[in-house]
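Working through the structure, step by step
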Amino acid sequence: KQEVTQIPAALSVPEGENLVLNCSFTDSAIYNLQWFRQDPGKGLTSLLLIQSSQREQTSGRLNASLDKSSGRSTLYIAASQPGDSATYLCAVDRGSTLGRLYFGRGTQLTVWP
Amino acid sequence: NAGVMQNPRHLVRRRGQEARLRCSPMKGHSHVYWYRQLPEEGLKFMVYLQKENIIDESGMPKERFSAEFPKEGPSILRIQQVVRGDSAAYFCASSPRPGTGGDTQYFGPGTRLTVL
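Note that this is a predicted model, so its numbers are computed, not measured. (Residues numbered from 1 in each chain as written. Chains lettered and ligands numbered in written order. Predicted model: local features only at pLDDT ≥ 70, side-chain atom pairs only at ≥ 80, totals over all residues. Heavy atoms only, no water.)

1. Some points on the overall build of chain B
From N to C terminus, chain B includes zero helices and 11 strands. Secondary structure elements of chain B, listed N to C terminal, follow the sequence β-β-β-β-β-β-β-β-β-β-β. The C-alpha atoms of chain B give a radius of gyration of 13 Å, which matches the 13 Å a tight globule of 116 residues would have. Overall, the C-alpha framework of chain B stretches about 40 × 30 × 25 Å when taken along its three principal axes. Taking all 116 residues of chain B together, the buried fraction comes to 47%. For chain B, the proportion of contacts with a sequence separation of at least 24, taken over those separated by at least 6, is 53%. Taken as a whole, chain B presents about 5700 Å² of accessible surface, with 45% of it coming from carbon and sulfur. Placing the 17 positive and 11 negative side-chain charges of chain B at their respective mean positions leaves the two points 6 Å apart. (Helix = DSSP H or I, 4+ residues; strand = E, 2+ residues; numbered from the N terminus. Rg over C-alpha atoms; globule rule 2.2 N^0.38 Å. Buried < 20%, exposed > 50% of the residue type's maximum accessible area, 1.4 Å probe, protein only. Contact = heavy atoms within 4.5 Å. Areas by Shrake-Rupley, 256 points an atom, 1.4 Å probe, with all protein chains shown as cover. Lys, Arg positive; Asp, Glu negative; His and termini not counted. Charge placed at Lys NZ, Arg CZ, Asp CG, Glu CD.)

2. Re the packing of aromatic side chains
The full count for this structure, using the stated rule, is seven aromatic pairs over all chains. Judged by centre distance (6.1 Å) and plane angle (85°), the ring pair of Phe103(A) and Phe107(B) falls under edge-to-face. You can see Phe103(A) sitting in strand β10 (residues 101-103) and its partner Phe107(B) sitting in strand β10 (residues 106-107), one on each of two chains. Note on accessibility: Phe103(A) and Phe107(B) belong to one class, buried. Aromatic side chains Tyr35(B) and Phe45(B) sit 6.0 Å apart centroid to centroid with 75° between the ring planes, which places their arrangement in the edge-to-face category. Of the two residues, Tyr35(B) sits in strand β4 (residues 31-37) while Phe45(B) sits in strand β5 (residues 43-50), which places them 10 residues apart along the sequence. Of the two residues, Tyr35(B) and Phe45(B), neither departs from the other in class, the shared state being buried. Among the aromatic residues, those joined into a ring-pair cluster are Phe36(A), Phe103(A), Tyr35(B), Phe45(B) and Phe107(B). (Phe/Tyr/Trp six-rings, centres within 6.5 Å; stacked < 30°, edge-to-face > 60°.)

3. Brief notes about the state of the cysteines
Evaluated as defined, the whole model comprises two disulfides over all chains. Note that Cys23(A) is cross-linked by a disulfide to Cys90(A), the S-S spacing being 2.0 Å. Between Cys23(A) and Cys90(A), the S-S torsion sits near -60°, and that sign places the bridge as left-handed. Of this pair, Cys23(A) sits in strand β3 (residues 19-25) while Cys90(A) sits in strand β9 (residues 86-93), and the two are 67 residues apart along the sequence. Considered together, Cys23(A) and Cys90(A) belong to a single accessibility category, that of buried residues. There is a disulfide in this structure between Cys23(B) and Cys92(B), and the S-S distance comes to 1.7 Å. Disulfide Cys23(B)-Cys92(B): torsion about the S-S bond near -50°, hence left-handed. Here Cys23(B), found in strand β3 (residues 19-24), pairs with Cys92(B), found in strand β9 (residues 88-95); they are 69 residues apart in sequence, far enough to count as distant. Looking at Cys92(B), the relative accessible area reads 0%, which means it is buried. (Disulfide = S-S within 2.5 Å.)

4. Digging into the pairing of β9(A)
Residue and element names in this part refer to chain A. Of all the eight residues making up β9, eight are buried; the element is thus mostly covered by neighbouring parts of the structure. Of the pairings in the sheet, the one linking strand β4 (residues 32-38) to β9 comprises seven bridges and is antiparallel in character. By the bridge assignment, Leu33 is partnered in β9 with Val92. Strand direction decides the pairing type here: β9 and strand β11 (residues 107-112), joined by three bridges, are antiparallel. Of the residues in β11, the one forming a bridge with Tyr88 is Thr107. (Pairing = 2+ DSSP bridges.)

Written out as structure tokens, the structure is:
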């Protein structure tokens, strides 16, 4: 059974800080891992998708890394802004389950000016 | 190209009533996934459908819940005789091919169900 854990559950930082969100998963046999952003009352927006054969992906100020053997991924946000305030979700696709995603509970990020 | 659409966005039902949640996938997408997010919990998979077929319903409660994705029209998640524990946000996601293709799933804004 795949379980996904995210640490910390909540994070509050001043604008401009670089920060790291952590995700761990129990079964290393994954197909890919995704990071999503969820704004209050809204749906999920995919930020980065890392295939199991990749080590990292970058998009703008975001960088996600994947260490499949240890069951860990990190999302690095550089120069945080108040607009980054949201809940960040990590999700794993095991590949053998036809696209079913296993989600962590998320990290609620607040960036204050 | 409109994104995944869900309606209603908010739904209030009394205990014992039926709830019908609708999801229109992105144009060209024939794979639909339903997830449920209970308060203070992560999203949990419920069911995966293709047009006219249920592929994986292992996450669906055994009773009162059903889902369909007809040849024409939106996917429907139906909850009969709702109870307070059904109060949650229900999200639909669509994909142009099965997830093993490596594509992300595109999520709708969700339907927030409140059972009084």
